[in-house]
Structure formats: C-alpha cells, structure tokens
There are 10 protein chains.
Amino acid sequence: MRSHLTEKIVVNRIVKKITWAQLAEACARSEVWTTSALLGQQAMGPSEAAAAGLLLDLTEEEVALLQLPPSKGALGGAVPTDPLIYRFHEVVEVYGTTLKELIHEKFGDGIMSAIDFEMAVDKLPDPKGDRVKVTMHGKFLAYRKW
Amino acid sequence: MRSHLTEKIVVNRIVKKITWAQLAEACARSEVWTTSALLGQQAMGPSEAAAAGLLLDLTEEEVALLQLPPSKGALGGAVPTDPLIYRFHEVVEVYGTTLKELIHEKFGDGIMSAIDFEMAVDKLPDPKGDRVKVTMHGKFLAYRKW
Amino acid sequence: MRSHLTEKIVVNRIVKKITWAQLAEACARSEVWTTSALLGQQAMGPSEAAAAGLLLDLTEEEVALLQLPPSKGALGGAVPTDPLIYRFHEVVEVYGTTLKELIHEKFGDGIMSAIDFEMAVDKLPDPKGDRVKVTMHGKFLAYRKW
Amino acid sequence: MRSHLTEKIVVNRIVKKITWAQLAEACARSEVWTTSALLGQQAMGPSEAAAAGLLLDLTEEEVALLQLPPSKGALGGAVPTDPLIYRFHEVVEVYGTTLKELIHEKFGDGIMSAIDFEMAVDKLPDPKGDRVKVTMHGKFLAYRKW
Amino acid sequence: MRSHLTEKIVVNRIVKKITWAQLAEACARSEVWTTSALLGQQAMGPSEAAAAGLLLDLTEEEVALLQLPPSKGALGGAVPTDPLIYRFHEVVEVYGTTLKELIHEKFGDGIMSAIDFEMAVDKLPDPKGDRVKVTMHGKFLAYRKW
Amino acid sequence: MRSHLTEKIVVNRIVKKITWAQLAEACARSEVWTTSALLGQQAMGPSEAAAAGLLLDLTEEEVALLQLPPSKGALGGAVPTDPLIYRFHEVVEVYGTTLKELIHEKFGDGIMSAIDFEMAVDKLPDPKGDRVKVTMHGKFLAYRKW
Amino acid sequence: MRSHLTEKIVVNRIVKKITWAQLAEACARSEVWTTSALLGQQAMGPSEAAAAGLLLDLTEEEVALLQLPPSKGALGGAVPTDPLIYRFHEVVEVYGTTLKELIHEKFGDGIMSAIDFEMAVDKLPDPKGDRVKVTMHGKFLAYRKW
Amino acid sequence: MRSHLTEKIVVNRIVKKITWAQLAEACARSEVWTTSALLGQQAMGPSEAAAAGLLLDLTEEEVALLQLPPSKGALGGAVPTDPLIYRFHEVVEVYGTTLKELIHEKFGDGIMSAIDFEMAVDKLPDPKGDRVKVTMHGKFLAYRKW
Amino acid sequence: MRSHLTEKIVVNRIVKKITWAQLAEACARSEVWTTSALLGQQAMGPSEAAAAGLLLDLTEEEVALLQLPPSKGALGGAVPTDPLIYRFHEVVEVYGTTLKELIHEKFGDGIMSAIDFEMAVDKLPDPKGDRVKVTMHGKFLAYRKW
Amino acid sequence: MRSHLTEKIVVNRIVKKITWAQLAEACARSEVWTTSALLGQQAMGPSEAAAAGLLLDLTEEEVALLQLPPSKGALGGAVPTDPLIYRFHEVVEVYGTTLKELIHEKFGDGIMSAIDFEMAVDKLPDPKGDRVKVTMHGKFLAYRKW
C-alpha cells in the first residue's frame, strides 16, 4: 500500500513537473532527506507531509501514511542492477574493508550509524568533466562492553 | 596468491605496530587509497610498492605483485555480515533510489564513476558524540547516444 | 509503470508490423541505441521520443516518460534463461578473465566504460553459415590515484 | 588440478615478465584465444601447448594437461565482483534484450554460437581518451524444427 | 503477454479435450516440437500457428504472437520442484560430468547444440513395467580456434 | 575422501592414456555407467572395481571405496557453468514442461525413474556435421494412491 | 489457474466447516492422499474429484481440473519459513545422512521412492504430552547397472 | 574439527568392516540415534562414546569430543543433490502443506518437535519389491498464548 | 487471502487511530502476542478474534479466518532489509554462536523452544538515551535419546 | 587467521575443561560478552585478553590479536542450519514485524542499536520444565532529519 503511494508520487511529480529540489524547499528539509522520505524510506512530520501532499495532490489518507515509519530498503537485499546504484554497491565491494580498517584505526571498535546519519549530493564543477560529490556523516557508536 | 599476500600484510602490520596512516605517508598517497591498495583492491606504482614493502617486510616478488591490477571486490557479491560494512550496504538499500533521483536531477542520465573516484574518511568532533565523515567524489559520466 | 510502457511498445510494434530498423531511422539513431531506449534502458531526447511515439501510437504522457532516466537492468541480476541471451552470459563466464588480462596489458589498471559506450549488431555473410557480428567500444577509464 | 596449473601459469608469466602477446605469437594464435586457453578455458593443440610450456617453464605432464578439454566457466555463475568484468555483465543486463530483438529481426529465431566464435580486443585511439574495442562474431544457429 | 497466451492454450486444450498428439498432427510437426512451441518455447511458422489457432480457438493476434521468437526458459534458472521435471535435472547432476567426458572422448572439445537439436518421447513396453524413452540428438559444435 | 579418489582417477587415466571405452570394456559394463561410477556417481561391484583398480593403479582401500554408495550429485545444485553441461541444463529449461505434458499424456500421472535408468551416448554421422545422440530410458513410476 | 482452485478449496472448506477427514471419507481415500490431492499435489480419479467437488461446491470445469497431473511442489525449492513445515526440513538436515547410511546398509545402493509412496499422520497419546506420529513407506529402487 | 572426526569415523568404519547396526548395539541405542550421533548430529553420553571409540579406534580426545553438543545440520540449508536424500526433501515439498493441515486439524496450532523426537528405518518385505519404512514421532508443542 | 486480511488490519488500524496497546487490552492478551496474531503469525481464540474484529471493522468471515493457524514467517527466509528488523538478524549473526555455547553450558544439548515461548518489548528510561528492552523465554527442550 | 585462533580457543577450552563462566569471571566481564569476544565477535581490552590467554594457553601474538576489532558475523548471511541457532532466526521471522510495530509505537521511527547493546542468558526454573530466558537491551536511535 505504501508502494502504491510511492508510485503515485513518482508519477505525479513527473506530470506536474516538480523537482525534488522544490519539494525539499516546500518541506523545509534537505534534498536527500525529502527525496528519501517521499520514496518511502523515512517518516515525515505533519507539516512536511502536508506540504508535500499539497504539491503532489495527495489525499488526506495518503498524507497520514507519509507520517508512519515505513518498511525500509528499496533493493531487496540483492545486488542492484541499475548501473548508477550499482556503482555505490561497487564502492562497498572495493572499499568496504578499507572503511573498516580506517574507522577502527581512528575510532576503535564500533560502527558509523546509518540512523543518526546525514547525506548530501552536490555537483563539483571540473574542467575535465563535472564530478558527483557525496558527503555523509553518521555518529560513531562504540561497541558496549558489559 | 594475492589473497595470501593480503593476509601477510594484515598480520605484519599488526605485529610491527604500523598504522595505516604511517603506510600512507610512506607511500605519499592518501589513507584510503593506500589502505585499499594494500588490501588488494588497487595496483600500486613502483615507488609506492617499494615503500610499503620496506615497512611491511615483503619480498621482492611480493613488491612486484603489488603492482599488478588485482581481481577486485572483497565481499563476494553477497550481503556483508560485518556490522560496520553492513551499515554502508544499508545506506545503499535505503538511499540508493534517492541518489539515483538526485544525480539524474542535477546531471541528467548517467552515473558517478567508481573508477575516476576519490574517497576520504575523517573524524568530525561533536559534543554529542564524534561523527564519522565519509566524502567521495567521482566523475559524472553521461550515457552516450549514437 | 515504465514496464507497462515497455510491454505496450512491444505489442504495438508487432501489431503495426514496424521493424526496429524503421524505428531507429525515424529517431535518427542507431538500431542498438533506439531498441534499448524503447525497451526501457535509455532516456530519449524530446524529438526521438516524439518520433517513436508517433509510430507506436503512444500518449503524450508516455512520450514524456520515454525521456526520463529509467531504472535499468532487464535480467534481474540472475543467470538469464533465454538461450540467446545466455550465450552472451557464457561469453563473460568463459572469456571474462581473458578480457581482464588483455585490457590490463594494453591499457593498465582500469575498465572499459559501459556508459560512454557504443554497440552494433551486424550480419556477416559466410558460405558455411551467416555469422552474427557484435562490435562494442567504450572509453577506457584508468583508476584514479590520490 | 587444472586450477593449480592456471595459477602456476599466472605466477610464472609475471616472474618471467612475458606478455600475453608474446605467448600468443609463440603459439601462432590470436591473443584472445591464447590467453583464454592458458587461463583454462580452451584445449590447446600439441604444438601450441609445447610452445607455451617452453616459455612458461611447464612440466611435460602440465603440457599434456593443456591439451585436454577443461571444465570451463571462471566466474561460478554468480554476478562478478571485479569492476572490469562486471562492466561486461552490465552490458548483458542493459543490452541483452536489445541483442535478442535485433538478432531475431536480422536472422530469425536462433542464437549466436559462443562455440563457433571469435573475439578480439583492440585499442581505439581517441583524443578524448582511448577506447577499448571488443569485436566478436559467432555462427548464427537457427532453431531446428522437426 | 506470451505467458497469458500459454495459459490460455493450456486451459482451452483441456476444455476442448484435445491431445498434444492431435495438435502435432494438425501442425504436421513432431509432438515434442509442437508441444514446446505451444508452451512458449519455439517460434511457429504461419501455417503451423494457423492450424493450432483453429483447434485452440485463438484470436488472429494470438496466432501472430505464436510466430514470434519467445523469451525462452520455463524454470527460471532455479532447481525445479516438480518431481517429473526434477528427475531430468537429477540426470544432469548425476551424469553431467559423464556426458562431458564421453562427448569429449568421441568428438574432441566442443558441445552438443541445444538449438540444432531434436528430441522424442516414446513408450517402451516392458513386462516389469513400461519405460519412458527419451532420445535427443544435436549437432556437435567444435570450439573454434583462431 | 571420495573426491580425492575421483581426482586421482582423472589424473591417472590421462597419464596412462587409457580411454573411458577401455575402462568400460575391462569392467564389462557400458561406457556411460562405467564413467559415471568412476567419477563417483555409482557403486561398483567387486569385479568391476578390481578391473578398474588394476588399470588405474588404485590401492586396495581405494578399490573398496569404489564399492560404496557415494554421495551423488556433481554440480552442487546450482546452474552449471561449463558450456557442454549447461546445454543439457538448457534442454531441461526449454523442454522440461514439454516432457511433463507428453509423459503425462502417454503414461498418466507419475515420473520417469532416474534410478532404474539407462543412458547411452553415440556419434551420429551427418554430412552437415556429425551429431551427438543421447538415448535414455527409465521405468515409468505411477503415483500411488491409498 | 490450479493455484486459484487450491485457494478456493481452502476457503470453501473453512466457510462450510468441512474437515479434511470428512473429505477423505467422501473420496474413500486416506486423509494424507486426499488432502495433498486437494492442495494441488496429486491427480484425482473421476469419482474422487466428483465427491470432493460436491462437498466443496466446485464447478464442473474445476472438477475436471482436479483430474489433471498438477505441477507439484508447494515450497518453491527454498527453505520453508512456516515453523511446522520447517521442522520436517530440519529432520532432513539433521537425519538426512543417517537415512542415507541406514538405507544403504539395509538395502544396498538405491533410494526410497517418493512416488510409489504412502504416508500417514496419527496422534500418539502420551501422558507427558501427545505425540505426532508420521509413518511413510516407499518402494526401494536399486540403481540399475548396464 | 568435528568434521575431521566425522570423516575419520566414516573411513575407519569401512576399513574395519563394522556395520551401523553393530555400533548401535555396542552403544545400547537405536540405529538411527547412534548413526546420527556418529555422523556429528547428536551429543553422546560417556559410556556410548567410549563404546563407539573402542570399536572405531578413536583417541581419548576424540571420545571427549563425541560428548559435546555439535553444530548440527549436514546439508547446509540448500537443496540436497544426493538422490536418496533429495527424495525426503521432495516429500516435504509435495506433502509439507498436507502435514501442516492434518496436524492442525488433529492437534490445533503448534508443531511436531524435531528435538523431543524419535525415528526408525525398517525393511518392509513386499512381493512387488521391498519397501523402505520410516517412522517418526515427536512431541506436539502447542503455541503458547500470553 | 490471509495476507489481504493482514493488509486490511494494518490500514484500518491507521485510519481508526487505534494503538496496538488498545488492541491488546481489548483482547486481554499481551501486546506482543496480540500484534503478532493480527499480523498473521498466531491463531486467535474466538473471543480474541471477536474483540479485534469489532475494533477493526472486520467481517464475520475475517473474524473466522483469524482463528485458523496461519502460514507463518513474514520475512521469506532471506536477510531482512528493514533496518529495525535487520538489527535483530545481526544479533543472531554476532551472538548466535554465543547463545549456543551458553545454553549448552547451562542446560546441556537441546534448544530453547520458539513455540512454548513468550516475548515482551519495554521502554527502559536512561538519561543517556532511552533503551529498548526485549525479554524472551522459551521452554528448554532436551534432545531425546532412544 | 582469526578463525584459526577461534578454533584453538574452542579446542583448548574443552581439553582444559574450563567453562565459559570461569572465563567470564577471569575477565571480569559478563558471560555473554566474554563468550562472544572469545568466539571472535568483539575486541577485548588488554587485561581481558591477558586473563583469557593465561587460562587458554595462548601465545603473546594471539593475545594481541584478541584486542583487534574482528570481522564479525558467524553465520555467513544465510539461514542457520543448527537447530538451536535457527530458533532465534525463527523468532525474527515470526515476530520481526511485531517488534517493528511495537518499537515504533513506543519510541517513534528509529531502531534498537545492536552496538550499544547488552544481552544475558539465564535459567528460569519451572516445574513444567526449565525455561531459557534471554534479555537484551539496546539504545533507541531515532532517525535523524536534516
């Protein structure tokens, strides 16, 4: 049922020619957070859901649905086939053990939270060809000992 | 055979109490690149391999091996079980479709290269608990039409 | 929703007895690119989408949809079961490590881009039986060191 | 046991600084065929095996082994993790249904043989960056009706 | 859409009490080929499709669809669960390496084509219990060397 | 332990230049049965094991091992990667539902036994290229009702 | 289409408050066989199908469908998630190799048929808690040698 | 380490020509339980382990190891390839939903325990061919409500 | 059909703004049990089903359906993608072998029942951030010897 | 290399007849944490590693290894086959969506941390059969909005 809503959002956004940036501005949130919330990966607050619902022509019930914690995870656990998304999977394949070594060296045993977490996508102009810049930071959580 | 070398590097580094940061400095490369090269994911140049070989007590043949393009990918295609690496997999699960939408909105149809690509890991001090900051940028490659 | 459009294109093309070659000519693009775009693997430009829409009897909304970057990958990550497509999978199985060795020998560490990439399918007449000729070229991307 | 031989060939070639091109010349065969044979994917003839064995310092038994039809397939059926090999898998993902449509349009129902098959890898100089060119042709086999 | 046609054929055949043998006779083709074509694994010629369409009450469009090369493979790549089909999978499991050894011994390196291929199913009367006889022959294709 | 024996048999047969046909003759059994038994898929009787052991230089213990029911199945349940064996997998993919329909039409609900089962591999001379002929027959087993 | 019938049978049985035991009695067959036939795993005879159709309010076409050999296997090849069914999977995991050793010791190389096979489920009263008793017997089939 | 012990037990039993029945008698336990314990699926008591160790020539340490709860499950979660074991997997595939319905009808919501569980394998003489009889009973466990 | 009911329950609960705690109170059962029953993992008794049906506006047939043992298991056997549920999977990954060792040390060979089993979820106030407390207990079942 | 250490710890503990409780006491940590650390799932501090090393007869290098963050996850991502560990997997299967609903109802959108996390295993005496009690608590982490 949430997946039907996600599909409706995707279609209405195209038909109404609204950008994700405009939706983010209407919600007063970042582009990444707003996009992921509207794609069914975050729970919105009431005002955010109302703003998005207005732009995207959603029913009152759908606006309510946007405020519930969704069942997250859009790839189903398997290797993604879309080339853009696969490149990020490849980064984990090729640099995953490197991330583990360096985070342990800098912080000790623990992880970077993917919950208390932020991400941004920017365009980095470059004469040899523009670059995609992705920045993320998450709280370091140390393993508890007891 | 490369995997035996990787294992030897991991062990020798621990026994000799050398940090990845020291190895990076000796190779005159960034921490992320140096670590991923020594973990078998990049081909080193002659001087880099020599510097690493000296610190890690590698044979001449092993120094030569460090300069060959390795068979890359350390996770085997499956979902990673280590919690630290899994969190990055989860980021792709939860934010992968968001990355796709925003990169397409900012750049058009194409991908962020994972080859012409850089990454850094930093510590972001925060009174509520330090944060892990990961920055990456890759060249945008537009789909060719013909 | 894109998959419904792909299905409609497949059906209408048969009913209207239009060849892929005619569609490519109408779009002023190559056969391979046009076919892959209409099968939901490429984003068309406005004039290309309009030309294809005219021949295939698509609605205005569907013509707009053809211009969005699609979620790519038609096989779902698994081993393909169709014998024709499987043969190409088998080529990667049997010659994949050979391609890796020879590209590294000729170019160094890096990859052949599948994005800045072209492909053609031709008939090679041969008295012992005609041959299928597939030519592809993609930009060589060297691994960045930093 | 064949896999041990493949590994020995890989190591000896590096230690002796022999290129695949030199091995192909010694065998009087193409680079692609020679490399794939030495990587355990083809059965060599006696003179080819002898020439390769001489350069690579193989025993008489190993030269005999090179002449047996090997158990083929180097990727194990799964999605490859090495970025270079993955790009060819991605080509099948993104262009597989296109290849099917165009081969059927040009030849009728059948397949391109991956057995009666040739492939070449070439460097295509390009001012915007050199390109990898891969050419393959295989006999068209029509489905038999009876 | 082809799968809907397959399902309709299966249902109509039962309701109209037509045997596969009668369909094969009407098409002037063997039982195996006719059945596999009607189950969506072969492309029929115009007269064959017309004859089958008449018996099975198919529309003109469906008769046209029978003449297109279908997307083949009815098991999805996984291990089949139906006990009858599983037994043939088991034969490949238990006798696959034997087939490989004997075909190589009798023919050299190459394969038995599954495209230029015929199969028949017969009843072999036996006082201890009738036996199912399956005969298949396919063209031997030698690996090309170049 | 059985797999070590299988590997030893494969190696010794090559070194001693013995054909599978000679081994079958020595065992007074068919080629298919003898080959599959020596590849670890059947239990030999004492005289068969002794004859094979003599030719292949096996120890007394290994001759005993040949007489035990082995753990069968040489492909591990997955899709086979070797092109020759894959073609037989493809036959099950493409013709599996056809076999099911025709066996049910000729015999009723039940299966072809893969245990009370025989198979032969023959060369079928053909001016357009020799053909591989595979014949198999297994007892029909009807589903028991109770 | 068979799966729709199975679902209808499951629903109608509940709505009409008919037990599997009553259905078995009406069909004059055992509980296990009748239940498995109505769940789409066996082909019924005409009188059995008629009796079941009467009780379950099935149409004439559905009664005919019950008499066709179905595509069997209700778990899809994967590990079952329902705890009751999983326990039987676990029995095969934990006792499978034991069954293999003991059947070989008592009967020689061969299998227990799952086709010429019967099963019963009974309640075994026990003061410490009633026990589920499952009894099965299948014909021993010896591997044929030829 | 337990797997090495299991392998040693399998080999020694063959070399010393001891039957599972003799081992069960020496342990004063049933054949099924004793065999499964020696194949690494049960923890033996001290006297049972000692008796088995004596017959099978095990060291004191190995006798101790037989008394530890092993890591159970001999098939690895996948579909078994051995035909004898596969038939039991097939029984779960074909009769699993039947077992679920009948146990629920006779006992209510719950399961048959695979822990508080017994099994026996017997030979059922039959003029049409001997039959394998497998009997199992496990405690019914009702789902707790709270 | 049960899955449709589960979906209806999820939707109606949101629309009617009823908490799981209120449903548990109406059923006079614990929160965990009531929620899992309404999500299709337990069979309710008549009074419980009636109480839930009243609050959630279910039909008489749906109330009856709630009283049948459902086909359990909501994750399909794969690794869960939702981050909240994944954390519990990770606990089994990281602490599973620890649970095995400690339960065996305290109880001997056997398992904790997941059927005769209770669970509770509580909020543990903590100045550094509230904690989720999950308590479960299940009957210890010793492996039966016979 | 860590896996060899884990195996050595498992063997030495048995040979020296040391309980996990004694190891926990020596390390001045809880049983669960100490056991999971020694099974290769946690990084020990210097004094803990020294105490465990003394009891288990480890070398200085092995004591150092115990202090490094290990590569975690002992089940490999698949469904566990050991019955004791499987029951915890089943709890996630059957109660996972319930945990999600109740944690969201009590805390809002977020997760229970498996890093800032504690667990205990206790014996709950019960006249109807002792019960295994597992208690866990982890910090609630709310999804960050930005």
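Now for a look at the structure at hand. Numbering of residues starts from 1 in each chain and follows the order in which that chain's sequence is written. Whichever chain is written first is A, and whichever ligand is written first is 1; the rest continue in order. Local features in a predicted model are, by the rule used here, given only for residues with pLDDT of at least 70; side-chain atom pairs are given and counted only at 80 or more, and totals for whole chains, interfaces and linings are based on all residues.

The next point concerns the sheet that holds strand β2 (residues 131-142) of chain D. Two strands qualify as a pair provided DSSP detects at least 2 bridges between them. Secondary structure counts use DSSP, requiring at least four H or I residues in a row for a helix and at least two E residues in a row for a strand, with both numbered from the N terminus. An order of β1(C)-β2(C)-β2(D)-β1(D) is seen for the 4 strands of this open sheet, with the pairing classed as antiparallel. Strands at the two margins of the open sheet, each flanked by one partner only, are β1 (110-124) of chain C together with β1 (110-124) of chain D. For this sheet, the mean inter-axis angle between neighbouring strands, taken without regard to orientation, is 20°. Sheet topology note: the strand β2 (residues 131-142) of chain C/β2 of chain D ladder contains 9 bridges and is antiparallel. For T135 of chain C, the partnering residue across the bridge sits in β2 of chain D and is T135 of chain D. Taken strand by strand, helix α6 (residues 83-107) of chain D contacts β1 and β2 of chain C together with β1 and β2 of chain D, and its axis lies near 20° from that of β1 of chain C. Helix axes are fitted to C-alpha atoms over the stretch in contact, other axes to C-alpha atoms as well, and angles between N-to-C directions run from 0 to 180 degrees. C-beta atoms are placed from the backbone for every residue, and two residues are taken to be in contact when these atoms lie within 7 Å.

A few words now on the interface of chain B and chain I. At the junction of the two partners, chain B supplies 6 residues and chain I supplies 6 residues. Grouping the amino acids of the side of chain B that touches chain I by side-chain chemistry returns 3 nonpolar, 1 polar and 2 charged. Here the nonpolar group is Ala, Val, Leu, Ile, Met, Phe, Trp, Tyr, Cys and Pro; Asp, Glu, Lys and Arg are the charged ones; every other residue, Gly included, is treated as polar.

Before going further, it helps to examine the arrangement of the chains. Separating chain B from chain E is a minimum C-alpha gap of 18 Å, and the two share no contact. Between chain A and chain G there is no contact; the minimum C-alpha to C-alpha separation amounts to 16 Å.

A positive phi angle, close to 60°, is found at A28 of chain B, a residue other than glycine. For A28 of chain B, the location among the structural elements is in the loop between α2 (20-27) and α3 (31-38).

At the junction of the two partners, chain A supplies 58 residues and chain B supplies 58 residues. Of all the elements in the fold, those that place two or more residues in the side of chain A that touches chain B are α3 (31-38), α6 (83-107), β1 (110-124) and β2 (131-142) of chain A. It is α6 of chain A that contributes the most residues to the side of chain A that touches chain B, 23 residues altogether. When its residues are assigned to classes, the side of chain A that touches chain B shows 29 nonpolar, 14 polar and 15 charged.

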